[in-house]
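Here's the letter readout for the chains.
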Amino acid sequence: MLKTMRTNTKWIMIVVAVCFVGMIIFAWGMDITGSRSGGGATGIVGSINGDKIPWNTYKNIVDNQLQQYGGGNRLPLAQQRRVYEEAWNSIITQKVVEQEIAKRKITYTDQELVNFMRNNPPQIAYSPNLAPLFQDENGQFSMAKYQAFLNPQNLQNPQSAQLLQYIEMEAAGRLPAMKFQDSLTNAIQISDTQVRDQWLMENEKRNMSYFFINANSVPAETVTVDEAGAKAYFEANKDDFKKEARRTVDYVFVPLQASAADSAEVRDVAKMLMGKIKTGTDFATLANEYSDDPGNTGANGEKKGGDLGLFGKGRMVPAFEEAVFGLKPGEVSEPVETRFGIHIIKCDSLTYKKDAPKEVDQVKASHILLRIEPSRETRDMVEGKVTAFREAVEGGSSFADRAAADGMQILTSVPLEKDIPSIPGIMGSTKINVNRVFAAKKGDLIQVYYTENGYYLMSLGEILHAGIPAFEDVKTDVESQYRKTLQAKEAEKIAARINDRIKAGKTIKEAVDEDEFKKVDLKVADVYKNLFISGLGAKNLFVAKMFQLENPGDSTGIFVDDNGAGIAVLNEIKEIDEAAFETAKENIRTRLLSEKRNQILSSYVQKLIDDADIVDHRHLYVGL
């Protein structure tokens, strides 16, 4: 069967997606080299460990994902940009693992492939389109029917042959990945001790009275941050302030928003519709013709007449809610303006609270939404302004001079490192924008970056070299960290005062209540080993100290770390439910095994990515 099927693989063009670590997706069957593309690469968009990625290969993956996510409809620009990032990241992940499989010389025999095909149906086998082939009389997937289909005789039927070829190619893509996973995780075992420790982590509990004073809760004005102290702190902790090579971006934003004339035009449409409604035109008919609400169109393209269904208070924005809950059944509101646009609302019916029959509980309503958006004329005007700015800078004017001439405020980004995923402050920015920044020269107009809300025009600002900066360049960061250090010490002093009172015979509550610092949040609660504590996180050392206490009344003493200080007193050790452990332990073992496998796999793959030599030239090809 395999040889016959392999002679017909030209019938199929597929990208095989394999679920890896339960979350990571790999396209094992992808023609990543471009050797089967037919049309030839039009350029190299990047490389991973020397393996070149053709532009057309990357773009085909992007286009497939855009089609998949959009269902044939054009996605909003921000989502399109995310798809470009997801596609690139999936190529990187796929490629480094593909290279590792080759390095490990992972192969398979025909018999292994047949066994894998029989026992690991592809996702397509569960598709509704194939339901008659692989479902039993109850409508459930039938492994027996699927395995029976894997018969060489089915190659005589062209349609069955094509599906069989797909199943084989999909399995051939997944099998090396599965063998790779097994090579990393087959030796993993979960001992009885590990199972017990995990159960105790989640179920062993003690009733504690405790507090933790986070450094940030200590008022900043109670500590003195002087320059001499900050400089001394900087000198003692210079490595903490070491920076990679960085760059800043200067940018202006040209908003794209509806003009007064655009708004007036929409309000005129609302008035016209109100006139039609008052003279008896059917509301649902008008909603289907005029409403801009995308929710008015169902999955199959059917119109809903503006129907919003039944909803209670708190579901809609305030102005809309106030209007609709003030209507009686059959009434239509005057036009209501919200951030979404102008609404004309019809109350279809009301339901009342059972315990208050005169008080409205929910309303069933319909609406017509008229969005207030920039007109073509407004867009042309804004785009003309952007074009004039760009042409002026490209023609030799400085970015700053042109911004001043247009009355635009120049904003400057925080220093950017090369590996960050986006530019803070630039809405919808992606890694591609960062690449453009680090490819730019001083004075270059980096990009005209379009968003639904307007245009960003960006220019390279400062170039900051790697190393330990001068104190003045990081003074704000130094003072912030130094202040937190002083606040943590102040928190320790507060805890020390409270601890002295406890040693003198006071209860922890009495000791806290008597202290002049009134922001101590004393808790009395059952504590688990994996408890999350604000400022410390979960599974922290403070909780570990709580579980070292042996007798009610015992205290941890002062617990101190960089985040602050606290004290805990044991009230009661809760009895362990051994029967519950016996019931749960095998499920815990299974879960721990799965988690451990996932952890090892994801860590291994992430290290492959971190160690990879990745060249990204997408900014030369992607215009978004």
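How each quantity is defined
- Residues numbered from 1 in each chain as written.
- Predicted model: local features only at pLDDT ≥ 70, side-chain atom pairs only at ≥ 80, totals over all residues.
- Heavy atoms only, no water.
- Patch = residues over 30% accessible without salt bridge, like charges linked within 9 Å, V, L, I, M, F, W, Y side chains within 5 Å.
- Areas by Shrake-Rupley, 256 points an atom, 1.4 Å probe, with all protein chains shown as cover.
- Salt bridge = Lys/Arg side-chain N within 4 Å of Asp/Glu carboxyl O.
- Helix = DSSP H or I, 4+ residues; strand = E, 2+ residues; numbered from the N terminus.
- Expected span 1.5 Å × (residues − 1).
- Buried < 20%, exposed > 50% of the residue type's maximum accessible area, 1.4 Å probe, protein only.
- Polar contact = N/O pair within 3.5 Å; in protein donor to acceptor, adjacent residues only side chain to side chain.
- Contact = heavy atoms within 4.5 Å.
- Axes fitted to C-alpha atoms, helices over the stretch in contact; angles between N-to-C directions.
- Parallel < 35°, antiparallel > 145°, perpendicular 65-115°, else oblique.
- Left-handed = near helix turned anticlockwise from the far one by under 90°.
- Nonpolar A, V, L, I, M, F, W, Y, C, P; charged D, E, K, R; others polar.
- Core = buried A, V, L, I, M, F, W, Y, C linked by side-chain atoms within 4.5 Å.
- Pairing = 2+ DSSP bridges.
- pLDDT = per-residue confidence, 0-100.
- Phe/Tyr/Trp six-rings, centres within 6.5 Å; stacked < 30°, edge-to-face > 60°.
- Lys NZ or Arg CZ within 6 Å of the ring centre and 35° of its normal.

## So, a nonpolar patch on the surface
For step 1, the next point in the chain: On the surface, Ile44, Leu620 and Tyr621 cluster together to form a nonpolar patch covering roughly 270 Å² of accessible area.
For step 2, the next point in the chain: Considering the arrangement of structural elements, one finds Leu620 in the segment after strand S18 (614–616).

## Quick word on helix H19 (residues 578–611)
For step 1, the next point in the chain: Under the 1.5 Å per step criterion, the end-to-end length of H19 is 46 Å for 34 residues, consistent within 8% with the ideal 50 Å.
For step 2, the next point in the chain: Considered for burial, the residues of H19 that qualify are Phe581, Ile588, Leu592, Leu601, Val605, Leu608 and Ile609.
For step 3, the next point in the chain: Two or three places before Ala579, at the start of H19, stands the capping residue Asp577, its side-chain oxygen 3.3 Å from that residue's backbone nitrogen.

## Some remarks on the environment of Gly330
For step 1, the next point in the chain: Within the secondary structure layout, Gly330 lies in the loop between helix H12 (318–324) and strand S8 (336–338).
For step 2, the next point in the chain: Given the relative accessible area of 48%, Gly330 is considered partly exposed.
For step 3, the next point in the chain: Each C-alpha atom, one on Gly330 and one on Lys364, is 11 Å from the other, the two residues being 34 residues apart in sequence.
For step 4, the next point in the chain: Each residue touching Gly330, except ones within four places of it in the same chain, is listed here: Lys346 and Cys347.

## Topic: the packing of helix H8 (residues 192–203) against H19
For step 1, the next point in the chain: With their axes 9 Å apart at the nearest point, H8 and H19 run at an angle of 110° to one another. In terms of axis orientation, H8 runs roughly perpendicular to H19. Seen along the crossing, H8 lies across H19 with a hand that is right-handed. For the pair H8 and H19, the contacting residues are Asp192, Gln194, Val195, Arg196, Gln198, Trp199 and Glu202 in the first and Glu578, Ala580, Phe581, Ala584, Lys585, Ile588, Arg589, Arg591 and Leu592 in the second.

## Structural notes on the packing of helix H4 (residues 110–119) against helix H7 (residues 158–185)
For step 1, the next point in the chain: One way to put it is that H4 packs onto H7 with a least axis distance of 9 Å and a crossing angle of 105°. It follows that H4 is roughly perpendicular to H7 by the angle criterion. From H4, Glu112, Leu113, Phe116 and Met117 reach across to H7, where they touch Ile167, Glu168, Ala171, Ala172, Arg174, Leu175, Met178 and Lys179.
For step 2, the next point in the chain: Residues that form the contact of H4 with H7 fall into these classes: eight nonpolar, no polar and four charged.

## Section: the nonpolar core
For step 1, the next point in the chain: Among the nonpolar cores identified, the biggest contains 28 residues, and Ile48, Tyr58, Val62, Trp88 and Val96 are the most heavily contacted of them.
For step 2, the next point in the chain: For this core, the secondary-structure elements that each account for two or more residues are strand S3 (44–48), helix H2 (55–70), helix H3 (77–103), H7 and H19.
For step 3, the next point in the chain: Counting residues per element, this core draws most heavily on H3, which supplies nine residues.
For step 4, the next point in the chain: Contacts of Ile48, omitting those with residues within four sequence positions, involve Ile53, Trp88, Ile91, Ile92, Lys95, Val96, Gln99, Ala612, Asp613 and Ile614.

## As for the sheet that holds S8
For step 1, the next point in the chain: Reading across from one edge, S7-S10-S9-S8 is the order of the four strands in this open sheet, with antiparallel pairing throughout. For this open sheet the edge positions go to strand S7 (307–312) and S8, each flanked by a neighbour on one side alone. Looking at each pair of strands side by side, their axes are set apart by 45° on average, direction ignored.
For step 2, the next point in the chain: Lying over the sheet, helix H10 (residues 260–278) contacts S8, strand S9 (341–352) and strand S10 (360–370), oriented at roughly 40° with respect to S9.
For step 3, the next point in the chain: Lying over the sheet, helix H11 (residues 283–290) contacts S9 and S10, oriented at roughly 50° with respect to S10.

## Describing the confidence of the model for the protein
For step 1, the next point in the chain: A residue-level look at the protein finds 93% of positions with pLDDT of 70 or above and a mean pLDDT of 89.
For step 2, the next point in the chain: Low pLDDT, under 50, characterises residues 1–41; the predicted model gives this stretch 102 contacts beyond four residues in sequence or across chains.

## So, the side chain of Thr185
For step 1, the next point in the chain: Positionally, Thr185 belongs in helix H7.
For step 2, the next point in the chain: With residues up to four places along the chain from it excluded, the contact list for Thr185 reads Arg597, Ile600 and Leu601.

## Focus: the packing of aromatic side chains
For step 1, the next point in the chain: Counted under the stated rule, the structure contains 22 aromatic pairs.
For step 2, the next point in the chain: When the ring of Tyr58 is compared with that of Trp88, the centres are 5.9 Å apart and the planes differ by 85°; the resulting orientation is edge-to-face. One end of the pair, Tyr58, is in helix H2; the other, Trp88, is in helix H3, and 30 residues separate them in sequence.
For step 3, the next point in the chain: Take Tyr58: its relative accessible area is 0%, and that puts it in the buried class.
For step 4, the next point in the chain: For Trp88, a relative accessible area of 3% gives the class buried.
For step 5, the next point in the chain: With a centroid separation of 5.7 Å and 40° between ring planes, the pair formed by Tyr233 and Tyr482 is classed as tilted. Linking Tyr233 in helix H9 (residues 227–236) with Tyr482 in helix H16 (residues 475–503), this pair joins segments that are 249 residues apart in sequence. You'll find Tyr233 and Tyr482 in the same group, each marked buried.
For step 6, the next point in the chain: An aromatic cluster of at least three residues, connected via ring pairs, comprises Trp55, Tyr58, Tyr84, Trp88 and Tyr621.
For step 7, the next point in the chain: Above the ring of Phe325, the side-chain terminus of Lys313 is found at 5.3 Å from the ring centroid.

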